[in-house]
Amino acid sequence: MAKYLVIVESPAKVKTIGKFLGSNYKVMASQGHVRDLPKSQLGIDVENDYEPKYITIRGKGELLAALRKEAKKADKIYLATDPDREGEAISWHLAAALKLEEKDIYRITFNEITKSAVKESLKNARKIDMNLVDAQQARRALDRIVGYGISPLLWAKIKRGLSAGRVQSVALRIICDRENLIDEFIPEEYWTMEATLNIKNEKKPIVAQFVGDENGKIEIKTKAQMEEILEEVKKNTFSVDSIKKGERNKKAPLPFTTSTMQQEAAKALNFATQKTMRIAQQLYEGVEIEGRGSIGLITYLRTDSTRVANEAVETTAKFIEENYGLEYAAGKRTDKKGDEKRIQDAHEAIRPTDLSLSPVVVKDSLSRDQFRLYQLIWKRFIASQMAGAVYETTSVKIKAGKYRFSVAATKVKFEGFMAIYKEADDNEKSNTLAKGLDLDTKLSLENIEGIQHFTQPPAHFTEASLVKTLEELGIGRPSTYAPTISTIIARHYVAKEQKNLYVTELGSAVNNAMMTAFPVIVNTQFTANMESLLDGVEEGNVEWKDIIRNFYPDLKEAIDLAEKELENVTIEDEVTDVICENCGRNMVVKYGPHGKFLACPGFPDCRNTKPYLEKIGVACPKCGKDVILKKTKKGRIFYGCEGYPECDFVSWQKPSTKKCPDCGGYMVIKGQKLACANPECGHVEVISKE
């Protein structure tokens, strides 16, 4: 009979860990949290010093009964939940729910699910770390107070079913701010100039870029300026002014943290952040490998450290030497400066648990997505322990009278880590110049041309760039990025099209309400400071209830004020002059997850619905019919002609009734300005207050 009970979080771990321990051990799963705050009420007793009211999660009764039965028989109980705040809290809740006060209970953690790591954790068993538990309690209480305090207000003022969140509302605000910058952006014209030059006795010409004149760089802003320079240049002969050769080193990338793994998986594999975390969880907990049983392939997936265990560094160095050569191996590499600021440094970076289990070896045992993510992690980690790449650089300055052109070339001298890994957005190409190029080389002009460009607006956020921004601003932690993004997409505040994130009409309404009534909640600095305070609780420097005591009264005051002063956003049940052809009633505007639509008020007797064509009071520049507000399938707003498909006019920016005084084209609204829709015209004017 088993003397010892080991409780883990997921059933997948039961299989993986069970085979490492003998018959004296019984391994069971809690299947995540067993206690939480009740859904039906706030669950934080504000009258009794903010004491949380925990209850058993519905459906967990039988599971807890089975765990209690085994716990009574066991001499020792090991709580082996995940090695972070959330895992520590689950262990604490388990101890309370199973009434283990009088039992010998031990907390064990391991960064990877391997035989050596699990055995070592048993030797280093400890008590539950209440600092970690309290940090999780503080986060849970803050999120509950914000969510349950503000969400009912959004229900009352905008639409039932909406929600606010301490981190999700800030993420929405960041996306809205970017959208506003894009909407207000006015492109500016600029030109570049390229000279194609023939080299005597060489078949291939070189292409030189215009830089400026003998006094420095010149930016070409207009066609007239470009033509003036072009005329001057053509009068002169081209000759080599200087040649500089050098070397440039490119450092190997750091091993993956949660954030960088999510970013790279989004860019390289087109995975949503939630999908990346789900698959990484499977790789961590254990995958059935043919002939080997269940094996945890990667270390713990929630980490913001790039630290690597010395043993793993040494093993990897040997692997690199044997497979690539001594010159490819590098010493231990960590982002020391970054790690000083990071939390949860008890965890290593994300790495394979066993390098011999290469992607090729385990491919047949993994699903396609598991294989692709594992391969990315495996290659990235080995690359992180390799020597940097070395480029040979050549920079040639060419003169034509007083004007200067340049040609740059790079050649890989030593590939280093690039022998195994390249980042998804690494567009660096190797290009070389003619070997015979020197100061006496004769150059003849084959062709020269000016190329028109327009400055581009800031890029729309993708899941990868949003994760990067949240991390840089100190908002959220490794475990929160994926659920935050998933929530704002699921609630239709944000639409995801291709890889880009766009704010919907609903998201804009929610953000405006939050900005008006709760500016502190959506303040990025405030949210980052709150994360620092939670880190302080984890370190034992801050009492968790102090955070709640300071936060709640101000929030309550803001909610009370907003209930009185925040204007209702009317986005439903607006009566129209469209007659329902089924029953003759006037149809009304309803608001669904994807925006407005027309519905018969006779529901449920009459279930007729139609698309809502919202006119904006502007005539179509192509055919003169009405321009209407439209939405993509995902909810992104654009403007098009009601005569579609006969008329194909569309615009991402809202058209204005005013015609451009310079070219007669239509103008669009960009913040407080009107701009001609034709960037080549470039006319811009401030919107009249009248």
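Residues numbered from 1 in each chain as written. Predicted model: local features only at pLDDT ≥ 70, side-chain atom pairs only at ≥ 80, totals over all residues. Heavy atoms only, no water.

## So, the overall build of the protein
Keep this limit in mind: Helical segments are the DSSP runs of H or I of at least four residues, strand segments are the runs of E of at least two, and each set is numbered from the N terminus. The Shrake-Rupley method, run with a 1.4 Å probe sphere, supplies the accessible areas, and residue values consider only the shown protein chains as cover.
Each helix and strand counted, the protein has 18 helices and 31 strands in total. Dimensions of the protein, computed from the C-alpha atoms along their principal axes, are close to 95 × 80 × 45 Å. Of the roughly 34,600 Å² of accessible surface on the protein, 47% is carried by carbon and sulfur atoms.

## Thoughts on the pattern of salt bridges
Note the following rule: For this analysis, a salt bridge means a side-chain nitrogen from Lys or Arg found within 4 Å of a carboxyl oxygen belonging to Asp or Glu. Per-residue accessibility, obtained with a 1.4 Å probe over protein chains only, is compared with the maximum for each type, and a residue is labelled buried under 20%, exposed over 50%, and partly exposed between these values.
Overall, the coordinates contain 37 salt bridges when judged by the stated rule. The partner of Lys123 in a salt bridge is Glu120, and the shortest N-O contact between them spans 3.9 Å. With a gap of three residues between them, Lys123 and Glu120 both fall in helix α4 (residues 115-123), about one helical turn apart. Residue classification places Glu120 among the partly exposed residues on the basis of a relative accessible area of 39%. Between Lys267 and Asp425 there is a salt bridge, with its nearest N and O atoms 3.1 Å apart.

## Some thoughts on the packing of helix α17 (residues 524-538) against helix α18 (residues 544-565)
The relative placement of two packed helices is expressed as an angle between their axes plus a distance between the axes. The condition that has to hold: Here, axes are lines fitted to C-alpha atoms. For helices the fit covers the stretch in contact, and angles between N-to-C directions go from 0 to 180 degrees. We call two directions roughly parallel when the angle between them is under 35 degrees, roughly antiparallel when it is over 145, roughly perpendicular when it lies between 65 and 115, and oblique otherwise. By the convention used here, residues are in contact when the closest approach between their heavy atoms is within 4.5 Å. Polarity classes work like this: nonpolar for Ala, Val, Leu, Ile, Met, Phe, Trp, Tyr, Cys and Pro, charged for Asp, Glu, Lys and Arg, and polar for all others, with Gly in that last group.
Two elements in contact, α17 and α18, have axes whose closest approach is 9 Å; the angle formed by their N-to-C orientations is 150°. As summarised for this structure, α17 and α18 are arranged roughly antiparallel, according to the angle between their axes. Here α17 contributes Phe526, Met530, Leu533, Leu534 and Val537 to the contact with α18, which in turn contributes Trp544, Ile547 and Phe551. Of the residues in the contact of α17 with α18, the class split is eight nonpolar, no polar and no charged.

## Overview of the side chain of Gln137
One can find Gln137 in helix α5 (residues 130-157). Setting aside residues up to four positions removed in sequence, Gln137 forms contacts with Pro52, Tyr54, Trp92 and Trp544.

## Observations concerning the sheet that holds strand β30 (residues 673-676)
We count it as follows: One requirement defines pairing of two strands: DSSP has to find at least two bridges between them.
Read across the open sheet, the four strands follow the order β28-β29-β30-β31; overall the sheet is antiparallel. Both edges of this open sheet fall to β28 (655-659) and β31 (684-686), since each of them pairs with a single strand only. Each strand axis lies, on average, 35° off the axis of its neighbour in the sheet, ignoring direction. Where β28 lies against strand β29 (residues 666-670), two bridges are found, and the strand directions are antiparallel. Residue Pro655 lies in a different strand from β29, and its bridge partner there is Val668.

## As for the nonpolar core
Worth spelling out the cut-off: In these notes, a set of buried Ala, Val, Leu, Ile, Met, Phe, Trp, Tyr and Cys residues joined through side-chain atoms within 4.5 Å is what counts as a nonpolar core.
One finds Phe110, Leu297, Leu373 and Tyr374 to be the most contacted residues of the largest nonpolar core, which totals 62 residues. Broken down by element, this core gets its largest block of residues, nine residues, from helix α13 (residues 368-384). Discounting chain neighbours no more than four positions away, the residues touching Leu373 are Met261, Ala265, Leu269, Phe271, Thr276, Ile279, Ala280 and Leu283. Judged by nonpolar contacts, the second largest core, of 55 residues, contains Ala141, Leu142, Ala513 and Leu566.

## Let's talk about the packing of aromatic side chains
Heads up, the rule is: Aromatic pairing here means that ring centres of Phe, Tyr or Trp (its six-membered ring) are within 6.5 Å. Orientation follows from the plane angle: under 30 degrees is stacked, over 60 is edge-to-face, and everything else is tilted.
The full count for this structure, using the stated rule, is 16 aromatic pairs. With 6.0 Å between their ring centres and 80° between their planes, Tyr54 and Trp92 make a pair best called edge-to-face. With Tyr54 in the loop between β5 (51-52) and β6 (55-56) and Trp92 in helix α3 (residues 85-97), the pair connects residues that are 38 residues apart, well separated along the chain. When its relative accessible area of 18% is taken as the criterion, Tyr54 is described as buried.

## Quick word on unusual backbone geometry
The omega torsion of the bond from Phe603 to Pro604 falls at 10°, within 30 degrees of zero and hence cis. Residue Pro645 follows Tyr644 across a cis peptide bond; omega there is 10°. Positionally, Pro645 belongs in the loop between β26 (637-641) and β27 (650-651). The phi torsion at Lys99 lies on the positive side, around 50°, for a residue other than glycine. Turning to its location among the elements, Lys99 is positioned in the loop between α3 and β8 (104-107). A residue is classified by how much of its surface remains accessible, and Lys99, at 61% relative accessible area, is exposed. We note that Asn270 has phi near 60°; this positive angle belongs to a residue other than glycine. Along the polypeptide, Asn270 turns up in the loop between α8 (258-269) and α9 (273-285).

## What about the packing of α8 against α13?
Stated precisely, the cut-off is as follows: Note on convention: near helix rotated counterclockwise from far helix by under a right angle means a left-handed crossing. Clockwise means right-handed.
Across the interface, α8 lies against α13 with an axial gap of 11 Å and an inter-helix angle of 120°. Accordingly, the angle class assigned to the pair α8 and α13 is oblique. Helix-helix and strand crossings are classified by hand; for α8 and α13 the assignment is right-handed. Between α8 and α13, the residues in contact are Thr260, Met261, Glu264, Ala265, Ala268 and Leu269 and Arg372, Leu373, Leu376, Ile377 and Arg380, respectively. Of the residues contributing to the contact of α8 with α13, the split by class is seven nonpolar, one polar and three charged.

## A word on the pairing of strand β7 (residues 76-79)
Across four bridges, the pairing between strand β1 (residues 4-8) and β7 is parallel. Bridge pairing in β7 places Tyr4 opposite Lys76. Relative to β8, β7 is paired through four bridges, and the arrangement is parallel. In the strand pairing of β8, Leu79 is matched with Arg107.

## What about the sheet that holds strand β24 (residues 614-619)?
If you trace the four strands from one edge of the open sheet to the other, you get β24-β25-β26-β27, paired in antiparallel fashion. Among the strands making up the open sheet, the edge pair consists of β24 and β27. Note: β26 against β27, two bridges, orientation antiparallel. By the bridge assignment, Tyr639 is partnered in β27 with Ser651.

## Describing the pairing of strand β18 (residues 494-497)
Alignment of β18 against strand β19 (residues 500-503), held across four bridges, turns out to be antiparallel. Residue pairing in the sheet places Ala495 in a bridge with Tyr502 of β19. With antiparallel pairing between neighbouring strands as the criterion, β18 and β19 make up a hairpin whose turn holds two residues, including Gln498 at a positive phi of roughly 50°.

## Things to note about the environment of Glu51
Here Glu51 shows up in strand β5. Judged by relative accessible area, Glu51 falls into the partly exposed class, the value being 36%. With 494 residues separating them in the primary sequence, Glu51 and Lys545 have C-alpha atoms 8.6 Å apart.

## What to know about helix α16 (residues 505-517)
Basically, it comes down to this: A helix is expected to span 1.5 Å multiplied by its residue count minus one.
The end-to-end C-alpha separation of α16 is 18 Å, in line with the 18 Å expected for 13 residues at 1.5 Å each. Among all positions of α16, only Glu505, Leu506, Gly507, Ala509, Val510, Asn511, Ala513, Met514 and Ala517 are buried.

## Describing the side chain of Arg85
Quick note on the threshold: In the analysis that follows, any N or O atom pair within 3.5 Å is treated as a polar contact, provided that within protein one partner can donate a hydrogen and the other can accept it, and provided that, for residues neighboring in sequence, both atoms belong to side chains.
Mapped onto the elements, Arg85 comes out in helix α3. Of note is the side chain of Arg85, whose polar atom sits 2.6 Å from the side chain of Asp535. At a separation of 2.6 Å, a polar atom in the side chain of Arg85 contacts the side chain of Glu538.

## Section: the confidence of the model for the protein
Heads up, the condition is: A score between 0 and 100, pLDDT records how confident the predictor is in each residue.
Across the protein, pLDDT averages 90, with 95% of residues at or above 70. Mean pLDDT across the elements of the protein ranges from a minimum in helix α11 (residues 336-341), with 43, to a maximum in α13, with 98.

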